[in-house]
Amino acid sequence: MRRRRRSALSTVMDATDISRALTRITHEILERNRDAEGVVILGIPTRGVELAERIAAKMAEVEGTTIKPGALDVTMYRDDLRLKAPRALERTNVPEDIDGRVVVLVDDVLMSGRTIRAALDALSDLGRPKAVQLAVLVDRGHRELPIRADFVGKNLPTSKSEKVRVRLTETDGADDSVSIEGSDA
Amino acid sequence: MKHLLSAGDLSRDEATLILDTAEQLLSVAQRPIKKLPTLRGRTIVNLFFEDSTRTRISFEAAAKRLSADVINFSAKGSSVSKGESLKDTALTLQAMGADAVVIRHHASGAPHRLATSAWTKGAVVNAGDGTHEHPTQALLDAFTMRSHLGDLEGKNVTIVGDVLHSRVARSNALLLDTLGANVTLVAPPTLLPVGVETWPVETSYNLDASLEKADAVMMLRVQRERMNASYFPSAREYSRRYGLDVARMNRLPDHAIVMHPGPMNRGMEIGADVADSDRSVIVEQVTNGVAVRMAVLYLLLGGATEGENA
């Protein structure tokens, strides 16, 4: 019998998996950067911001300090602006001076790497961090630029025709999940 | 949105999008590097047939902060003063590859003519035409009000002075109505335009009557060059009846703000103490002007334009 085409959603991470992945990422960040005080967590809108908030909360819990996460909108730095209609800007809110600090960028899905390239440009206009690290919930491959994540929740090899959909409680009003949608060639 | 010609062309969603975008862009002015790469390689021409230093430098700063190339074209001393027409000027700019033309013209409707002709392919932004409109000024005013008063739905805005010659008043009336605010125009009968009854506003000849309920008061400049004896008896009388002095300001509600599009005639339409008081947001309007113009240029030019892959 022919295998059914995977046109419907197939969930690859549920709320527990996501929570566990974020806890692990948090510990990895703390292990890599001994001094949590010197770390600035910046999420890339929309879902990266929420993930950044969760990671910051977990870090604060472990370290017993307060860590204020921020948001970094990269729209104005994108290289595909001229290909689409202009999009609305998202929130940028950098809570602390990033000069000489370690900035951890947080995003939901890493694919081509172009968003992160834009984020690096945006950061360099804001200051000069000591180092920039990247945490993503899902790395689905298909890189178009030499960019690699430091902390990965789940490696998810996909075909380009598939879509990875991340849902988070606050942003989407649904239970946390990561699912794959689209044809299975 | 291809052009910005009139504040009346904006839907509520479009206006809100511009204001929201400007809010994010405002923070760029506070950064050490006040520049975004967004409009790199685009050319914006400031085509000013009428002098206006502050509007021109505001547009220029906005374009430069978005990394666009800016060409300033002033009619004075150019071939326009030798009799060159708007059409020939526009064709020259088109040949130079202008992506957007920011135009100020003494004739009402000149930006509209430019936008609807085949003379230029770029976006056209009206930076003030005759006594007609000045949409980016209305947007920056709405932005300033919104940042002090919150959502403008149901807010009362009083605009005082020479409505007849004021493109600021007309654009503000249209935009504020779109955003849900109630606008009252206060002016001597001679300085209200014919047809004002078709505007979405209330009118009054008495400033004192509308002070108590005003959330924002916008004083318009008395344009001395346009005034002659037929509009009002004397400067002193105008100032006494329609000027905003401290006594009048004190009758405003505590949260109310005082605005002026500049340049001010201190002591004429606005008292010096009022202009410098902590209710005055006049300097803030200038700062906000750059952010709002950045937002407009970004939304007109930041994405794909006609002829590029959409």
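Think of each chain on its own: its residues are numbered from 1, step by step along the sequence as written. In the order they appear in the text, chains get letters beginning with A and ligands get numbers beginning with 1. Only residues with pLDDT of at least 70 get local features here, since the model is predicted, and only at 80 or more are side-chain atom pairs given and counted; chain-wide, interface and lining totals rely on the full set of residues. Side-chain calculation: all heavy atoms of the structure are included, whereas hydrogens and water are not.

### Section: the pairing of strand β8 (residues 216-219) of chain B
As a general feature of sheets, a regular strand has side chains that alternate between the two faces.
Residues and elements named next belong to chain B.
Piece 1. Across the two faces of β8 the burial is the same, with Ala-216 and Met-218 and Val-217 and Met-219 all buried.
Piece 2. We treat two strands as partners when DSSP finds at least two bridges between them. The secondary structure listing takes helices from DSSP runs of H or I that are at least 4 residues long and strands from runs of E that are at least 2 residues long, numbered from the N terminus. Note that strand β5 (residues 156-160) and β8 share four bridges and pair parallel. Residue pairing across strands places Val-157 opposite Ala-216, the latter belonging to β8.
Piece 3. Bridging between β8 and strand β9 (residues 257-259) involves three bridges; their strand directions are parallel. The partner of Val-217 across the bridge, within β9, is Val-258. Think of it in three bands: residues with accessible area under 20% of the maximum for their type are buried, residues over 50% are exposed, and the middle band is partly exposed, with areas taken using a 1.4 Å probe on protein chains only.

### Side note on the pattern of salt bridges
Piece 1. Throughout this description, the term salt bridge denotes a Lys or Arg side-chain nitrogen within 4 Å of a carboxyl oxygen of Asp or Glu. Taken as a whole and judged by the stated rule, the model has 28 salt bridges over all chains.
Piece 2. With its nearest N and O atoms 3.3 Å apart, the salt bridge here joins Arg32(A) to Asp150(A). In this pair, Arg32(A) is assigned in helix α1 (residues 15-32) and Asp150(A) in the loop between β5 (131-139) and β6 (151-155), connecting sequence segments 118 residues apart.
Piece 3. Notably, a salt bridge pairs Asp125(A) with Arg31(B), separated by 4.0 Å at the nearest N-O pair. Residue Asp125(A) is located in helix α3 (residues 114-126), and its partner Arg31(B) is located in the loop between α1 (12-26) and β1 (43-48); the two belong to separate chains. Here Asp125(A) matches Arg31(B) in class, with each residue buried.

### Notes on the side chain of Ser204(B)
All names here are of chain B.
Piece 1. Residue position: Ser-204 is located in strand β7 (residues 202-204).
Piece 2. Overall, the relative accessible area of 16% leaves Ser-204 in the buried class.
Piece 3. N or O atoms within 3.5 Å of each other form a polar contact, as long as, within protein, one can give a hydrogen and the other can take it, and as long as residues adjacent in sequence are counted only when both atoms are side-chain atoms. A distance of 2.9 Å separates the side chain of Ser-204 from the backbone nitrogen of Asn-206, its partner in a polar contact.
Piece 4. Residue contacts are counted whenever heavy atoms from the two residues lie within 4.5 Å of one another. What Ser-204 contacts, discounting residues up to four positions off in sequence, is Thr-184, Leu-185, Val-186 and Ala-187.

### Thoughts on the packing of helix α5 (residues 135-149) of chain B against helix α6 (residues 167-178) of chain B
Residues and elements named next belong to chain B.
Piece 1. Note on geometry: axes are lines fitted to C-alpha atoms, helical ones only across the stretch in contact, with angles between N-to-C directions running from 0 to 180 degrees. Interhelical geometry of α5 versus α6 gives an angle of 55° and a closest axis separation of 8 Å. Relative to α6, the element α5 lies oblique. Helix-helix and strand crossings are classified by hand; for α5 and α6 the assignment is right-handed. Two secondary-structure elements touch here, α5 through Pro-135, Gln-137, Ala-138, Leu-139, Asp-141, Ala-142 and Met-145 and α6 through Val-168, Ser-171, Asn-172, Leu-175 and Leu-176.
Piece 2. Taken together, the residues that form the contact of α5 with α6 break down as eight nonpolar, three polar and one charged. Small angles under 35 degrees read as roughly parallel and large ones over 145 as roughly antiparallel, with 65 to 115 read as roughly perpendicular and the rest as oblique. Crossing handedness follows the turn of the near helix against the far one: under a right angle anticlockwise gives a left-handed crossing, and clockwise gives a right-handed one. Three categories are distinguished: nonpolar for Ala, Val, Leu, Ile, Met, Phe, Trp, Tyr, Cys and Pro, charged for Asp, Glu, Lys and Arg, and polar for the others, with Gly belonging to the last.

### Some thoughts on the interface of chain B and chain A
Piece 1. Listed as interface residues are 22 residues of chain B and, on the opposing side, 18 residues of chain A.
Piece 2. Reported buried area values correspond to the accessible surface (1.4 Å probe) lost by two parts on association, with both partners' losses combined. The largest share of the area that chain B buries against chain A comes from Gln24(B), Arg31(B) and Tyr298(B), three residues that together contribute 30% of it.
Piece 3. For the pair chain B and chain A, the number of links is one salt bridge.
Piece 4. The tally of links between chain B and chain A comes to four residue pairs in polar contact (both at pLDDT 80 or more).
Piece 5. The set of elements that each furnish at least two residues to the side of chain B that touches chain A consists of α1 and α10 (282-301) of chain B.
Piece 6. At four residues, the largest contribution of residues to the side of chain B that touches chain A is made by α1(B).

### Describing the packing of aromatic side chains
Residue and element names in this part refer to chain B.
Piece 1. In summary, the pairing rule links any two rings of Phe, Tyr or Trp, Trp by its six-membered ring, whose centres are within 6.5 Å, and it sorts them by plane angle into stacked for under 30 degrees, edge-to-face for over 60 and tilted for everything else. The final tally for this structure, using the stated rule, is two aromatic pairs over all chains.
Piece 2. Here the aromatic rings of Phe-232 and Tyr-238 are separated by 4.8 Å at their centres, their planes lie at 35°, and the arrangement is tilted. By the burial criterion, Phe-232 is buried, and Tyr-238 matches it.
Piece 3. Relative to Tyr-242, the ring of Tyr-238 lies with its centre 5.6 Å away and its plane at 35°, an arrangement referred to as tilted.

### Section: the nonpolar core
Piece 1. Residues grouped as a nonpolar core are buried Ala, Val, Leu, Ile, Met, Phe, Trp, Tyr and Cys residues, joined through side-chain atoms within 4.5 Å. Formed by 114 residues in total, the largest nonpolar core has its most connected members in Leu72(A), Ile44(B), Leu139(B), Met145(B), Leu175(B) and Leu185(B).
Piece 2. Of the residues forming this core, the biggest block, twelve residues, is contributed by α10(B).
Piece 3. Domain ranges listed in this record stem from an automatic or a database domain assignment. Shared between two domains, this core takes at least three residues from each, and those domains are domain 1 (7-134 + 287-301) and domain 2 (135-285) of chain B.
Piece 4. Of all hydrophobic cores here, the second largest spans 29 residues; its members include Ile25(A), Leu30(A), Ile41(A) and Met59(A).

### Observations concerning the UniProt feature "binding site: L-aspartate" (unreviewed entry) in chain B
Residue and element names in this part refer to chain B.
Piece 1. UniProt positions are given in the numbering used here, feature names are shortened, and annotations may be inferred rather than shown by experiment. Using the residue numbers shown here, the UniProt feature "binding site: L-aspartate" (unreviewed entry) corresponds to Lys-82, Arg-167 and Arg-221. A maximum C-alpha distance of 31.1 Å shows the annotated residues, which cover 140 residues in sequence, to be distributed over more than one spot.
Piece 2. Here Lys-82 shows up in the loop between β2 (69-74) and α3 (86-95).
Piece 3. On the basis of relative accessibility, which here comes to 70%, the residue Lys-82 falls in the exposed class.
Piece 4. Setting aside its immediate chain neighbours within four residues, Arg-221 contacts Asp-162, His-260, Pro-263, Asn-265 and Glu-269.

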